[in-house]
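Here are the chains, one letter per residue:
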Protein chains: 2
Amino acid sequence: MSKATIEMDKASAILKLLGDKTRLTMMKLLDKHDCCVCEFVEIFKTSQPSISQHIRKLRDLGLIKEERRGQWIFYSMNKSHEHYPFVQEILKHLPNQDDKLRELEEQGTRITCC
Amino acid sequence: MSKATIEMDKASAILKLLGDKTRLTMMKLLDKHDCCVCEFVEIFKTSQPSISQHIRKLRDLGLIKEERRGQWIFYSMNKSHEHYPFVQEILKHLPNQDDKLRELEEQGTRITCC
DNA sequence: TAATTATATAATGATTTGCTTATATGAACA
DNA sequence: TGTTCATATAAGCAAATCATTATATAATTA
């Protein structure tokens, strides 16, 4: 029997995390691309600890996965999360954020770092 | 031309409001029923000012409408809000909350008040 | 093995949030 | 017209949030 609905506690916790512009943009990006911390630092023009803390919240809820590749740690959407369909539905309504990654590529920042 | 996506600022602001269990439940209820403040006070077992403040936030973003009916002020979903489809999509994933209103009816609280 | 790079965690502080109590407003009714 | 009822607003406070700086950890490279 498939899970049609989410408990209210779970739903509000997820929405709370997505209710921050930085995290919401991260999630939109992660839905299509794996990213590492240094890329987010570049994109959001903020400190590395700040990014790490946003990531931790998303990871604590299991929404994203972590994978070390050598020196770097890559994050990706956890598409097998119980409530990924819910998250995906939300992300679908948001404008594509790929321009942010394209900027990095143009700067060479993407390649340099990861 | 229909608006397919929401600006990130707008989306995160909406999600932030929905990221609170009380407001999320209110919205789920309001999607099907008009309610007045006193009903919410009963349902959420909290103070009237607390409910009023949650309502104000939802109203400030234009997500709900206010209508005075004599002594009472009724709130309802603003279904013509630019981003109502987005909100509705989210609410669709949540469990029905009608039992909360049914309880009020059984207590007589719903009828008494409104 | 020492220095560097990428990231996480800890500690701190300013801001925001969400509640509470107290008070104001506005309609209804006796 | 004064009292009551429903709601809003104001003020105050504790807890949560989000950034920052400082430090720790773990892999890489010289």
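Look a little higher up for the structure.
Residues numbered from 1 in each chain as written. Chains lettered and ligands numbered in written order. Predicted model: local features only at pLDDT ≥ 70, side-chain atom pairs only at ≥ 80, totals over all residues. Heavy atoms only, no water.

A.B. asks: Go over the overall build of chain A with me, naming the residues and quoting the values.
C.D. replies: In terms of helices and strands, chain A carries seven helices and three strands. Each helix and strand of chain A, placed in order from N terminus to C terminus, yields the pattern α-α-β-α-α-β-β-α-α-α. Dimensions of chain A, computed from the C-alpha atoms along their principal axes, are close to 45 × 30 × 25 Å. Going through the 114 residues of chain A one by one, you find that 48% of them count as buried. Residue pairs at least 24 apart in sequence account for 65% of intrachain contacts in chain A once pairs closer than 6 positions are excluded. When the accessible area of chain A is evaluated, it comes to approximately 6,000 Å², of which 48% is carbon and sulfur surface. (Helix = DSSP H or I, 4+ residues; strand = E, 2+ residues; numbered from the N terminus. Buried < 20%, exposed > 50% of the residue type's maximum accessible area, 1.4 Å probe, protein only. Contact = heavy atoms within 4.5 Å. Areas by Shrake-Rupley, 256 points an atom, 1.4 Å probe, with all protein chains shown as cover.)

A.B. asks: Which residues make up helix H1 (residues 8-18) of chain A, and what values do they have?
C.D. replies: Those residues of H1(A) that fall on the buried side of the exposure criterion are A:Met8, A:Ala11, A:Ser12, A:Ile14, A:Leu15, A:Leu17 and A:Leu18. In the core, the buried residues of H1(A) are packed alongside helix H2 (21-30), helix H4 (48-60) and helix H5 (84-92) of chain A together with helix H1 (8-18), helix H2 (21-30) and helix H5 (84-92) of chain B.

A.B. asks: For the relation of the copies chain A and chain B, give the residues involved together with the corresponding values.
C.D. replies: Mapping chain A onto chain B leaves a residual RMSD of 0.0 Å; the transformation is a rotation of 180 degrees accompanied by 0.0 Å of translation along its axis. In short, the pair behaves as if placed about a two-fold rotation axis. Comparing interface residues between copies, 100% of those in chain A also sit at the interface in chain B, which points to an isologous, same-surface contact. (Least-squares fit on C-alpha atoms with pLDDT ≥ 70 in both.)

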